[in-house]
Structures are given as structure tokens and as C-alpha cells.
Amino acid sequence: MVNLVDNGLLQLEGEDWAFHRRTLNPGFLPDKLKKMVPIMAGCTMEMIEKWSSKEANEAKRHEIDVFTELKKLTADIIAHTAFGSSYAEAKQIFELQQEQLRLAKQIGSKPFIPGLRFIPTAFHRHCWKVEKKIEELTFEMIERRIHQRKLNQKDVHGDDLLGLMIDAMDNRALGLDKKLSMGIADIVGETKTFFMAGHETTATSISWTLMLLAAYPEWQERVRDEARTVCDASSVPAPGSLHRLKLLSMVLNESLRLYPPGALMTRIANKDIRVGKTLVPKGTVIVLPIIAFHHDERYWGPDANEFRPERFSEGASKASQSSSAVFLPFSTGPQFCIGQLFALQEAKVVIASILLRYRIMVSPRYRHSPINYTILQPQFGVPLLFESI
Ligand code: HEM
């Protein structure tokens, strides 16, 4: 009824998955990511400038629901970085996907009646219309990019993710194996996947981290001092300096441990396996409770539920008392998150830029209520109080 991620990495398997992953991997190499830092910082500064123009009319301390703001920011960043010159079209598509997410939540809250989804009720017609519009807009975005390449007489369609995918479409045009090429449906699928996988996850994770920094002012001061030392005079993190934000990395890891956006992961047994004395037959859906691993006292000690970023002082692999395999915010194995470095880089740019300008406090209106709507989200947002420095 509402196709959120079909034909994309999150759904594909086998050869199709491997081909998509190989095609998209170059978009996430460290050199590529470095070039995205100024774009990430530019989008963040636009958001902060909007906040400060509002500020002039308000009291010294003002409240912002950072979860709402960061969802807009991370969508903006993905549109600019993954879709480059086509960002305006991508943003339009993302807005429709936001609507699809809303519709999917509505469907999820209703009882399941077999066959109902084929009946053309007003609600279902609306769902179909949104789906069709997304396909049309993606098609137009691809056509325009192909046209641009012809005008500029270049060999490739641009070095962003969209460009990489359109280049992979050419394989089909050249008559190569269908498995080694992408079609329109694949690009629609990946566009949706990157929006779904790469925007709310990061917005959620940055929101939880800001909430923790607001709740632990001594850590906030330490992270701000570090950002002051590392960032350039314009108070924006520079591409080569992010690895020096060590305290911020520790705080981010601790936040991902306490509130992993991907709290549960599923896998399907591809053959009969034995776990201890239990036989798990082929085809069984296995749910991995990442959040339970992250809070287990056997791995993290008696303070497992406390915010203690210092446990990451020697890096993520040495943080647990017993095993590095129990810290899994980005999963593990071949299907681990392709956007891991992108997400961590983005989080550092956004958080450092905010802390260099504002002192943040938890608003009395904040209600701590994490809920797992596919992603572990703050149910009532994250209202924080902002005070200019
Ligand atoms: C803090 C932010 C993020 C977290 C916690 C996160 C977490 C995850 C996890 C746990 C998975 C594995 C899911 C599974 O195996 O079932 C995953 C996969 C994926 N993530 Fe992320 N992610 C984040 C940000 C991003 C970003 C920014 C992007 C893209 C720019 C992205 C794109 C993807 C894609 C495409 C996959 C599927 C990979 C594959 O199957 O090959 N993620 N992510």
C-alpha cells in the first residue's frame, strides 16, 4: 500500500543488493565525505540564522523543539549532498515521502483486513497518488540530469549518489547484464531508501545527543571548549579538523549506546542453524535487540544505564568490559550502515556549530518518552532552551 523502501538497499538481497552496494559505495569514501563538510556546515548555518532572526523578537532564552528542526535540517543535507544540483527536486520528493511515512503510521495503527488495500477508498486513492507523484518526480529529476550532462558534454552524470546511479543505468543502455545495471525503479527505490535511512536516524541521534548535553552541563562545557580549540575563526568545523573532536565523539557514541535509533534489527536464517540447544529452522525471522545489548550490565557494568561518555575514551572497540561485538548502532557484517561515517560527520558538524553559539538547557516541557516507531524516537519531541553565548 505504501512502499517505503522497496528496490533499495534495505530491501534487496543477493546479487541485486551487492550490485547496488558496489555502485553506491564510492559516494561514501572518506575523500568524498570530506568535501561534504562545507555543505553540511552551510545548511546548519542557514538553520541557525533562522533561529537568530526569531530570537530578536523574543526573550534572551528561547525554546526550540530540536527534533522538529533537525528533521528538516537532515533532509536538507541529504538533498544537497546525495542529489547535488538536483537538490530542489529531491526536496520535493522527500516532502512526499514524509507524507508517505505519515500514511504508513496511520495504516499501522488500523486493524489488518485482508484485501482492503485494493479498495479505492479516498484514503487509498491518496496513497496511490502520492506514490505515483514520487515516481514521476524521480523520473523528471533523472531526465533533467541526463539533459544537463549532454549540455555540459561530460563523461559522467555528476559525482553525487544520483550521478553514480544514473551512470549505472547506462550499463543497461549498453546492453550489459540487467543485474549489472539500474533502472528507474531502482533509482526511485534508492532515493526513498536514502531519505528513510539517512535522515530521521541522524536527526534522532543528534536530538538525543543534544538532550544529553543539555542534561549534563559539565559535558556540554567540555565539548564546547574542545570545539572552540578545534574550529576555525568563523566558528564552523573545517573538513580536516573533525577527527580532533574527541570528546564529542565519545558523547556521540554514548548517546548511540543509550538511544540507538535502530533499536531492533531483523535477519532471516538462510539455513537451519543451531543456537545452543535450540534449532532455528531456515526462513525464521530473528530479531536482534540491539538496545538490550547496549544496556546489559554483563557487558557494560553496573552503570550500564548511566550516561558515562568516558567509557569510550579509548574508542568504540574498547568501550565494553567484555566484547566489542555488543556496540552495534550501525549494525555489523556486510549489510552494516553504508552511511555510518556520513552520519557521524554530520552529527559533529551540527552539534559543534550549535554549541559554539548557544548554551542549551532541558525545557520544563520536555517529557522523556522514547518510542520505537521503526526508529527509537522521542515521542513528544525534544524541546530545549537556547541562550546565545
Ligand atoms: C545515526 C544515524 C544512523 C544510524 C544509527 C543508522 C543505522 C543503521 C543500521 C542499524 C543499519 C542496518 C540495518 C539492518 O541491517 O537491518 C543501517 C543500514 C543502512 N543505512 Fe544507516 N544509519 C544512520 C545513518 C545513515 C545515513 C546518514 C545514511 C545515508 C546517507 C544511511 C543509509 C543506510 C543504508 C542505505 C542502509 C542499508 C545498507 C545495506 O543494506 O547495504 N544511514 N543503518
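It should be emphasised that the depicted structure is a prediction, and the values quoted were computed from it without experimental measurement.

**Digging into the overall build of the protein chain**
Each helix and strand counted, the protein chain has 13 helices and nine strands in total. The globule rule puts the C-alpha radius of gyration for 389 residues at 21 Å, and the 22 Å found for the protein chain is close to it. Principal-axis analysis of the C-alpha atoms gives the protein chain an extent of 65 × 60 × 45 Å. The 389 residues of the protein chain split such that 48% are buried. Taken as a whole, the protein chain presents about 19600 Å² of accessible surface, with 56% of it coming from carbon and sulfur. Across the protein chain, 49 positive and 45 negative side-chain charges occur, with their mean positions spaced 2 Å apart.

**Regarding the site of the ligand**
Of all residues adjacent to the ligand, which total 25 residues, the nearest are Trp17, Arg21, Gly198, Arg267 and Cys337. The contact in question runs from an oxygen atom of the ligand to an N or O atom on the backbone of Leu9, over 3.4 Å. One of the side-chain nitrogen or oxygen atoms of Arg21 is found 2.6 Å away from an oxygen atom of the ligand. Looking at the shell around the ligand, the elements with two or more residues in it are α1 (14-24), α7 (184-198), α8 (200-215), β2 (265-268) and α13 (340-355). Considering only residue class, the shell around the ligand consists of 16 nonpolar, seven polar and two charged.

**Points about helix α3 (residues 66-83)**
For α3, spanning 18 residues, the distance from its first C-alpha to its last is 25 Å, which sits close to the expected 26 Å at 1.5 Å a residue. Measuring from the backbone nitrogen of Phe67 back to the side-chain oxygen at the start of α3 gives 3.2 Å, which picks out Asp65 as the cap. Backbone geometry just after α3 places Gly84 at a positive phi near 40 degrees.

**Description of the coordination of the iron atom of the ligand**
There is one protein donor for the iron atom of the ligand, and it is Cys337 (SG), at 2.3 Å. Along the chain, Cys337 falls in the loop between α12 (297-300) and α13.

**As for the nonpolar core**
If you look at the biggest cluster of nonpolar residues, it comprises 103 residues, and the most contacted ones within it are Leu210, Ile354, Ile360 and Phe386. Beyond its immediate stretch of four places on either side in the chain, Leu210 contacts Val66, Leu70, Ile351, Ile354, Ile360 and Leu384.

**Some remarks on the pattern of salt bridges**
Enumeration according to the criterion identifies 18 salt bridges in this entry. The residue Glu136 makes a salt bridge to Lys132 at a minimum N-O spacing of 3.4 Å. Of this pair, Glu136 and Lys132 both sit in helix α5 (residues 122-152), four residues apart, roughly one helical turn. On the basis of relative accessible area, Glu136 is assigned to the partly exposed category, the value being 34%. When salt bridges that share partners are traced, they join Glu254, Arg257, Asp303, Arg308, Glu310 and Arg311 into one network.

**Re the packing of aromatic side chains**
Applying the stated criterion across every chain yields a total of 13 aromatic pairs. Taken together, the ring pairs connect Phe28, Phe194 and Phe342 into an aromatic cluster. The ring of Phe380 carries the charged tip of Arg367 above its face, separated from the ring centre by 3.8 Å.

**A word on a nonpolar patch on the surface**
A cluster of nonpolar side chains, contributed by Leu264, Ile268, Val285 and Val287, occupies part of the molecular surface with about 370 Å² of accessible area. Note on Val285: relative accessible area 53%, which makes it exposed.

**A word on the UniProt feature "binding site: heme" (unreviewed entry) in the protein chain**
The UniProt record annotates "binding site: heme" (unreviewed entry) at Cys337. The residues touching Cys337, leaving out its near neighbours within four places in the chain, are Arg21 and Phe330.

**Section: the sheet that holds strand β1 (residues 61-65)**
Here three strands make up an open sheet; going across it, the order is β1-β9-β6 and the pairing antiparallel. Every other strand in the sheet has two partners, leaving β1 and β6 (358-362) as the edge strands with one partner each. Strand after strand, the sheet turns through a mean of 35 degrees between neighbouring axes, direction not considered. Taken together, the five bridges between β1 and strand β9 (residues 383-388) define a ladder with antiparallel strand orientation.

**Here we look at the environment of Leu9**
Note that Leu9 resides in the segment before α1. The class of Leu9 is buried, set by a relative accessible area of 9%. Along the primary structure Leu9 and Leu341 are separated by 332 residues, whereas in three dimensions their C-alpha atoms are 17 Å apart. In this view, Leu9 contacts Trp17, His20, Arg21, Leu24, Glu190, Thr193, Gln335 and Ile338; residues no more than four positions away in its chain are not counted.

**Digging into unusual backbone geometry**
If a residue is not glycine, its phi is most likely negative; likewise, a peptide bond is most likely trans. The backbone phi angle of Ser331 is positive, close to 70 degrees, even though this residue is not glycine. Structurally, Ser331 can be placed in the loop between α12 and α13. The phi dihedral of Thr374 falls on the positive side, at around 65 degrees, and the residue is not glycine. If you trace the backbone, Thr374 turns up in the loop between β7 (370-373) and β8 (375-378).

**Let's talk about the packing of helix α9 (residues 217-230) against helix α10 (residues 246-258)**
Two numbers describe how α9 lies on α10: the axes approach to 8 Å, and their chain directions differ by 140 degrees. With respect to each other, α9 and α10 are oriented oblique. Residues Trp219, Arg222, Val223 and Glu226 of α9 form the contact with α10, whose participating residues are Lys246, Leu247, Leu248, Met250 and Val251. Taken together, the residues of the contact of α9 with α10 sort by class into six nonpolar, no polar and three charged.

Parameters at a glance
- Residues numbered from 1 in each chain as written.
- Predicted model: local features only at pLDDT ≥ 70, side-chain atom pairs only at ≥ 80, totals over all residues.
- Heavy atoms only, no water.
- Helix = DSSP H or I, 4+ residues; strand = E, 2+ residues; numbered from the N terminus.
- Rg over C-alpha atoms; globule rule 2.2 N^0.38 Å.
- Buried < 20%, exposed > 50% of the residue type's maximum accessible area, 1.4 Å probe, protein only.
- Areas by Shrake-Rupley, 256 points an atom, 1.4 Å probe, with all protein chains shown as cover.
- Lys, Arg positive; Asp, Glu negative; His and termini not counted.
- Charge placed at Lys NZ, Arg CZ, Asp CG, Glu CD.
- Near = heavy atom within 4 Å.
- Polar contact = N/O pair within 3.5 Å; in protein donor to acceptor, adjacent residues only side chain to side chain.
- Nonpolar A, V, L, I, M, F, W, Y, C, P; charged D, E, K, R; others polar.
- Expected span 1.5 Å × (residues − 1).
- Donors = N, O, S within 2.8 Å, 3.2 Å for Na, K, Ca; no water.
- Core = buried A, V, L, I, M, F, W, Y, C linked by side-chain atoms within 4.5 Å.
- Contact = heavy atoms within 4.5 Å.
- Salt bridge = Lys/Arg side-chain N within 4 Å of Asp/Glu carboxyl O.
- Phe/Tyr/Trp six-rings, centres within 6.5 Å; stacked < 30°, edge-to-face > 60°.
- Lys NZ or Arg CZ within 6 Å of the ring centre and 35° of its normal.
- Patch = residues over 30% accessible without salt bridge, like charges linked within 9 Å, V, L, I, M, F, W, Y side chains within 5 Å.
- UniProt positions renumbered as here; feature names shortened; annotations may be inferred.
- Pairing = 2+ DSSP bridges.
- Axes fitted to C-alpha atoms, helices over the stretch in contact; angles between N-to-C directions.
- Parallel < 35°, antiparallel > 145°, perpendicular 65-115°, else oblique.

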